[in-house]
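Chains, contacts and geometry: an overview
The residues making up each chain are set out below.
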Amino acid sequence: MSTLLVIAKAPVPGRVKTRLTPRFSMRQAADLARAALEDTLAAVLDTPARRRVLVLDGRPGPWVPAGIEVVAQSSGGLDVRLAAAFALAEGPTLLIGMDTPQVTPGLLALGLDFTETAAWFGPAEDGGFWALGLAAPDPALLLGVPMSEAHTGEVQRRRLTDAGLAVRDLPALVDVDSPADAERVASGAPWTRFAALHSGLCAMTR
């Protein structure tokens, strides 16, 4: 009964990855966002799960592969939208974003293994988190957590432990937010679409 949730924005220029400018144009930033999302969804497809759901802000496009269910994001702050995403699921659930194209099916499968834990927490190096897994989804565990702050991950993880949940940590990953982040992720995951596109764009803009 496991579910994989991916919360994402449609890769539309001017709406995604705007912090990658001016190193890249708005179109190039959106193309990098699309590549990151395609890498993420490919890893999701290769991970055993009953449901694979893209919780999307925007309209789906040809970058959504077969086998991925698409559901519109709710309105509200990010904590509200993440909580609403968990409300879509029953049974063991892992939620990730679109900012870690280096994620692998092995990491996702680990985050869906609740044999010895009630929750998985995937810290991001910027202080946030890239993954959150719950054996029994409870949207209330996310409501009110301050998002996009240096202490977001700390607050979210503490919310889990304060609820009495046993928590295990996934490896820390770099979120792609800035040009420096993009360089690190591309260098560390050369097999990805993201890395190939990043290399080509950098060659063009030298």
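In this text the structure is predicted, and so the values were computed from the model without any measurement.

1. Here's the deal with the packing of aromatic side chains
Counted by the stated rule, this structure contains one aromatic pair. Aromatic side chains F121 and F129 sit 5.7 Å apart centroid to centroid with 40 degrees between the ring planes, which places their arrangement in the tilted category. Note on F121: relative accessible area 3%, which makes it buried. For F129, a relative accessible area of 15% corresponds to the buried category. The ring of F24 has R23 sitting right over it, with the charged end atom 5.0 Å from the ring centre.

2. Notes on the packing of helix α5 (residues 179–188) against helix α6 (residues 193–205)
Contact geometry of α5 with α6 gives a least axis separation of 8 Å together with a crossing angle of 120 degrees. The angle between the axes of α5 and α6 places the two elements in the oblique class. At the point where α5 passes α6, the crossing takes the left-handed sense. Here A182, E183, V185 and A186 of α5 lie close against α6, whose contacting residues are F194, A195 and H198. The class makeup of the residues in the contact of α5 with α6 is five nonpolar, one polar and one charged.

Calculation notes
Residues numbered from 1 in each chain as written. Predicted model: local features only at pLDDT ≥ 70, side-chain atom pairs only at ≥ 80, totals over all residues. Heavy atoms only, no water. Phe/Tyr/Trp six-rings, centres within 6.5 Å; stacked < 30°, edge-to-face > 60°. Buried < 20%, exposed > 50% of the residue type's maximum accessible area, 1.4 Å probe, protein only. Lys NZ or Arg CZ within 6 Å of the ring centre and 35° of its normal. Axes fitted to C-alpha atoms, helices over the stretch in contact; angles between N-to-C directions. Helix = DSSP H or I, 4+ residues; strand = E, 2+ residues; numbered from the N terminus. Parallel < 35°, antiparallel > 145°, perpendicular 65-115°, else oblique. Left-handed = near helix turned anticlockwise from the far one by under 90°. Contact = heavy atoms within 4.5 Å. Nonpolar A, V, L, I, M, F, W, Y, C, P; charged D, E, K, R; others polar.

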